[in-house]
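What follows is each chain in one-letter form.
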Amino acid sequence: MKEIMRSDLVIGMAGSGGDGIVSAGEFLITAVALEGYHAIMTKSFGPQIRGGESSCRLRVSTEKVLNPGGTLDVAVALNWEDFLRFGAELPVGGNTIVIYDSRTGVAPDKLPLEGVKPAVVIPVPIGEIARKAAATDRAKNAVILGLLAGWFGIAPEAILAGLRKKLAKKGAEVFEANQRAFDAGIEYTHEHPISADCRMSPAVDEKGSKLLTDGNDMCAAAALFAGCQFFGGYPITPSSEVMHTLSREIWRYGGTLMQAEDEIAGIGAVVGASFAGKKALTATSGPGMSLKTEILGLATIAEIPLVCLNVQRGGPSTGIPTKSEQSDLFQAVFSGHGDCARPVLAPITVADAFGITVEAFNISEHYQTPVIILSDQDIGHRKETVDPIDTSKYKIVDRRRPSEKELQHYIRFRITETGISPMSQPGMPGGNYLASGIEHNEAGAPTAKGEIHARMNDKRLRKLNPLKSRRDLYYIEGEADAPLALISWGSVAGVAMEARRLAQAEGIKAKLLVPKILFPVSEEIYQEFLASVSMGIVVEQSHQGQLHRLIRMYVNVPRGMESLAKSGSNPILAIEVLERLRALLRSLQRQRAKEPAHDGG
Amino acid sequence: MSTALVAKDYKSELKPIWCPGCGDYGVVSAIYRALARIGRAPHDIAFVSGIGCSSRIPGYTTAYGFNSVHGRALPIAQGIKLANPDLLVLVAGGDGDGFSIGGGHVAHAIRRNIDLTYIVMDNQIYGLTKGQLSPTSKRGLKTVSSAFGSMEAPVNPLLYVLSYGAGYVAQGTPADMDALANIIEEAIRFPGFAFVNVQSPCVTYGEADTQIKAHKETMESLEKLGHNPADWLKATDLAQDYGNKLYTGVFYQNPNPAPTFEAAAKERHHALRGTGFPKENILEMFRP
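Residues numbered from 1 in each chain as written. Chains lettered and ligands numbered in written order. Predicted model: local features only at pLDDT ≥ 70, side-chain atom pairs only at ≥ 80, totals over all residues.

Digging into the overall build of chain A
Counting its secondary structure elements, chain A contains 19 helices and 21 strands. Against the 2.2 N^0.38 benchmark of 25 Å for 601 residues, chain A shows a C-alpha radius of gyration of 26 Å, consistent with a compact globule. Here the C-alpha coordinates of chain A stretch approximately 85 × 75 × 40 Å along the principal axes. Counting across all 601 residues of chain A, residues that qualify as buried make up 55%. (Helix = DSSP H or I, 4+ residues; strand = E, 2+ residues; numbered from the N terminus. Rg over C-alpha atoms; globule rule 2.2 N^0.38 Å. Buried ≥ 20, exposed ≤ 12 C-beta atoms within 10 Å, placed from the backbone.)

Below, the structure written as structure tokens:
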């Protein structure tokens, strides 16, 4: 029999809190990362702080992984109630291999799945094996790791090494018990073989070449790399880990962290630190972002650099704190009273969060403006393998400080050709000025004169215009003359990318534009991209289709450009984007059939 | 050789927008005098305020000023001091800024004990918005926003900050400029968070019993009363007369000032500096 191996495997697991499902996922992704695979792991929890249901999805591939994947190849259910609570997050299809704890009392032909008949259904006495091997139910996750290693060929040695390392603190006994459970899981797979085409192909990339982290930690590390010396913030899901990591790391680099009494004080302290000359960051989400809005306006009018990371979650108000959404785009771009504009950036992967965060600091410093990074819960919390990043390629920008000569007759808000004025800081002799939220003249003195207000507004808005030419902040793939297009952003961009590549493999000519800078909107870059386009889809995770609407404010978008927009917590799958592209192609062909031919002599 | 700094070196060219006779003129003068005695160069001083008549004050000095948004002077000032602990950082504003819209920040600035001097110009009224109730307005006060009289008890700023744990708490009035300049100077010299409440009359919307003339008649010096500023319990006792009696001078000065946040940060920097990955290799922290 010919052995077909898989290059891509999506595993989904669910259980109750305490079952260790998420730590099983952590062990798996660590193991595959060490082996040189590409992988993404997402975690999802019920609303409870402790206990309750928890799940994770792991996508392992020999190639770059673009998104957490769609329908599961392997589903592991420790109990069905918990599994089903995750609904569309853990979709089971006709090709899924379902493994479940036989103790749930569900017959293999009576799975509580509506309208789906999985390819293979395997009840395993997971709890029983754990108790027999390790004398505890708590080793169930080690049994699952053994099953996955045995049936799918996922790096047993690496998993074991990971278990040893993780459990080192708990003593040899605990590790040995888990090792026995793991071995028992493997043994079970030897006794109950399934078809060989389930096994992963060996990794292509070198062992030990990968880094492994999530978007929040990546942003924290990138901030330090960019020279961030101050963090002020307030705990809020799903952004808190940025503060956690910085509370451990920022001091090592001479920086200071202040856990503020509220969101406003967090960004207030950041404004103060930046006014005093230090690069500063705050991180927040949802309601926190709303609270910070007034001070963002202050930073705009007082021309104070800062970076505000918004790890988006479901809204409005408390919304769905633990789930991803892209519905803060309007807020990032438009919130705040007055003629207020600020650059908005968004990373598309965990690795990308490095460059985007460094860029956010650079832009904030160069243009003396607050910059918002729109990450989201998906990128913020998902663990992802990261290929080595050559940090020497990234330059670090510092704000333009006044020269000795400029300090002799210093004018803080001097109107220059670029709109950018040298910025002094306390401690600098001759640089003394008044920063203010009140409108001010070039020297910083308060004013209510319309003419000065107009001039200062013009200065503050005009200085951001060069950002519209930052082609490096727009990712484009596909043939330039394609008639079909996808536009997507943030974590959902990876789904659009996969859909486009699947479409291309079917011969559908489609291209993709991913703006990593959402504001200011570059009319020119969009217009150029859309020149060949008759139809397409803007793919995003917000109910209103916020990017679709935002682009249309600035750009002449072809009427055939539709919106594929879903509220958060409803995964957008590559396959559905592909189906929309197929449908668009059909209607394009129908349309063309009706039109008289234009070309030719 | 540089000559010694004098009060007018701290006075800017900006002409105050305050009404003639406003108590805040006295406060800013007392600040000039205190700063001259301390002698730090204006460029080493950051002076932060929120919004309100009194919050215009940083612009009337030659220091680096920050006239920010309503109620948020304290968070901004803390960020400044933590970013550069060598600076002398002053914070000022009105009673509305400090005890209404920004009231939530006071307790935390105090428990963090960052070395700031916070001067509140307390006039029991909202002057900038033309005469509404303030958090320190007396019960029963009729204003444009309380046509039939206030139904709320006023806050007691002195008792608040004492109970929050402020290391230095004093009160003054422009009716006694020497004493006011003295306590501001002392507050600045105090190593830690220092609070100065200034009864600063609003000549346009304030009641007669809040004016300079009334202050001169009723004020009582704590020093002359024989109050020992190290006695915190007695200070809280005296502070309860806020609104009835005008005590001036130092209510409380901690004889053993607590360590400041920035001192602890400095120790941590010292202990941890160089223990991280070199910046160019910072991503090594993600090695699985």
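Describing the overall build of chain B
For chain B, the helix and strand inventory stands at nine helices and ten strands. Taking 288 residues into account, the globule formula puts the C-alpha radius of gyration at 19 Å, and chain B, at 20 Å, falls close to it. For chain B, the spread of C-alpha atoms along the three principal axes comes to 70 × 50 × 40 Å. When contacts within chain B are restricted to residue pairs at least 6 apart in sequence, long-range pairs at least 24 apart make up 70% of them. (Contact = placed C-beta atoms within 7 Å.)

Quick notes on the interface of chain A and chain B
Of the residues lining the interface, 56 residues belong to chain A; the matching set on chain B comes to 46 residues. Elements represented by at least two residues in the side of chain A that touches chain B include exactly α1 (21–35), β7 (211–214), α7 (215–226), β8 (228–233), β9 (256–259), α9 (263–275), α10 (286–301) and β15 (434–436) of chain A. The dominant element in the side of chain A that touches chain B, judged by the number of residues it contributes, is α9 of chain A, at nine residues. Residues that form the side of chain A that touches chain B fall into these classes: 33 nonpolar, 15 polar and eight charged. (Nonpolar A, V, L, I, M, F, W, Y, C, P; charged D, E, K, R; others polar.)

Some thoughts on the sheet that holds strand β18 (residues 510–515) of chain A
All names here are of chain A. Judged by pairing direction, the sheet is mixed, and its five strands sit side by side in the order β16-β18-β17-β20-β21 without closing on themselves. Pairing within the sheet leaves two strands with one partner each, and these edge strands are β16 (474–477) and β21 (560–565). Pairwise comparison of adjacent strand axes, ignoring direction, gives a mean angle of 20° for this sheet. In this structure, strand β17 (residues 484–488) lies alongside β18, joined through four bridges in parallel fashion. Within the sheet, the bridge partner assigned to Leu 486 lies in β18 and is Leu 512. (Pairing = 2+ DSSP bridges. Axes fitted to C-alpha atoms, helices over the stretch in contact; angles between N-to-C directions.)

Description of the packing of helix α4 (residues 140–152) of chain A against helix α6 (residues 172–191) of chain A
Residue and element names in this part refer to chain A. Closest axis-to-axis distance for the α4/α6 pair is 7 Å, and the angle between their directions is 40°. Judged on the interaxial angle alone, α6 and α4 are oblique. Between α4 and α6 lies a crossing of right-handed hand. Within the contact between the two elements, α4 uses Ala 142, Val 143, Ile 144, Leu 145, Gly 146, Leu 147, Ala 149, Gly 150 and Trp 151 and α6 uses Asn 178, Ala 181, Phe 182, Asp 183, Ala 184, Gly 185, Ile 186, Tyr 188, Thr 189 and His 190. Within the contact of α4 with α6, the residues separate by chemical class into twelve nonpolar, six polar and one charged. (Parallel < 35°, antiparallel > 145°, perpendicular 65-115°, else oblique. Left-handed = near helix turned anticlockwise from the far one by under 90°.)

Some points on the environment of Gly 96 of chain B
All names here are of chain B. Relative to the elements of secondary structure, Gly 96 occurs in helix α3 (residues 95–101). For Gly 96, a count of 33 C-beta atoms within 10 Å gives the class buried. Between the C-alpha atom of Gly 96 and that of Leu 238, which follows or precedes it by 142 residues, the distance is 23 Å. Those residues in contact with Gly 96 that lie beyond four places of it in its chain are Gly 52, Ile 101, Tyr 126, Ser 134 and Pro 135.

Observations concerning the sheet that holds β9 of chain A
Residue and element names in this part refer to chain A. Pairing is mixed across the open sheet formed by seven strands, whose spatial order is β9-β8-β10-β11-β13-β12-β19. A single partner strand is all that each edge strand has here, and the edge strands are β9 and β19 (517–519). Judged from the four bridges that link them, strand β10 (residues 279–284) and strand β11 (residues 306–312) form a sheet pairing that is parallel. Residue Thr 282 lies in a different strand from β11, and its bridge partner there is Cys 308. Packing against the sheet, α7 makes contact with β8, β10, β11 and β13 (370–376), and its axis sits at approximately 135° to β8.

Observations concerning the domain arrangement of chain A
Accessible area lost when the parts come together is the quantity often used to give the size of an interface. Residues and elements named next belong to chain A. Split into domains, chain A comes out as domain 1 (8–209), domain 2 (212–393) and domain 3 (469–594). Here domain 2 and domain 3 have C-alpha centroids that lie 27 Å from each other. Listed by contribution, the elements that provide at least two residues to the side of domain 2 that touches domain 3 are α11 (329–334), β12 (344–345), β13 and α13 (377–381). Per-element accounting of the side of domain 2 that touches domain 3 gives the leading share, three residues, to α11. Of the residues in the side of domain 2 that touches domain 3, the class split is 14 nonpolar, five polar and four charged. (Domains from an automatic or database assignment.)

Considering the pairing of strand β10 (residues 247–253) of chain B
Residue and element names in this part refer to chain B. Taken across its seven residues, β10 has seven buried, putting it largely inside the fold. Relative to β10, strand β7 (residues 168–172) runs antiparallel, the two being bridged by four bridges. In the strand pairing of β10, Ala 170 is matched with Val 250. Judged from the two bridges that link them, strand β9 (residues 220–221) and β10 form a sheet pairing that is parallel. When the bridges of β10 are listed, Ser 221 appears paired with Thr 248. In this region the chain leaves β9, passes through helix α8 (residues 232–239) and returns to the parallel neighbour β10; the handedness of that crossover is right-handed. (Right-handed = clockwise from strand over helix to strand, strands pointing away.)

Observations concerning the packing of helix α4 (residues 103–112) of chain B against helix α5 (residues 157–164) of chain B
Residue and element names in this part refer to chain B. Viewed as axis vectors pointing N to C, α4 and α5 meet at an angle of 40°, and their least axial separation amounts to 9 Å. On the basis of their axis angle, the class for α4 and α5 is oblique. When the axes of α4 and α5 are compared, the crossing they make is right-handed. Contact with α4, carried on its side by Val 106, Ala 107, Ile 110 and Arg 111, involves Tyr 160, Val 161 and Tyr 164 of α5 and no other residues of that element. Taken together, the residues of the contact of α4 with α5 sort by class into six nonpolar, no polar and one charged.

Quick look at the environment of Ile 295 of chain A
You can see Ile 295 of chain A is positioned in helix α10. Ile 295 of chain A sits 98 residues away from Lys 393 of chain A along the chain, and the two C-alpha atoms are 33 Å apart. Leaving out residues up to four positions away in the same chain, Ile 295 of chain A has contacts with Ile 264, Ile 267, Gly 268 and Val 271 of chain A together with Val 69 and Arg 72 of chain B.

Brief notes about the confidence of the model for chain B
Of all residues in chain B, 99% have pLDDT values of 70 or greater, and the mean over the chain is 97. Scoring the predicted complex yields pTM 0.96 and, for the interface, ipTM 0.98. (pLDDT = per-residue confidence, 0-100.)

Notes on the environment of Leu 547 of chain A
Residues and elements named next belong to chain A. With respect to the element layout, Leu 547 can be found in helix α18 (residues 546–554). Between the C-alpha atom of Leu 547 and that of Leu 329, which follows or precedes it by 218 residues, the distance is 7.2 Å. Those residues within four positions of Leu 547 in sequence are excluded, and the remaining contacts are Leu 329, Ile 487, Trp 489, Val 538 and Glu 540.

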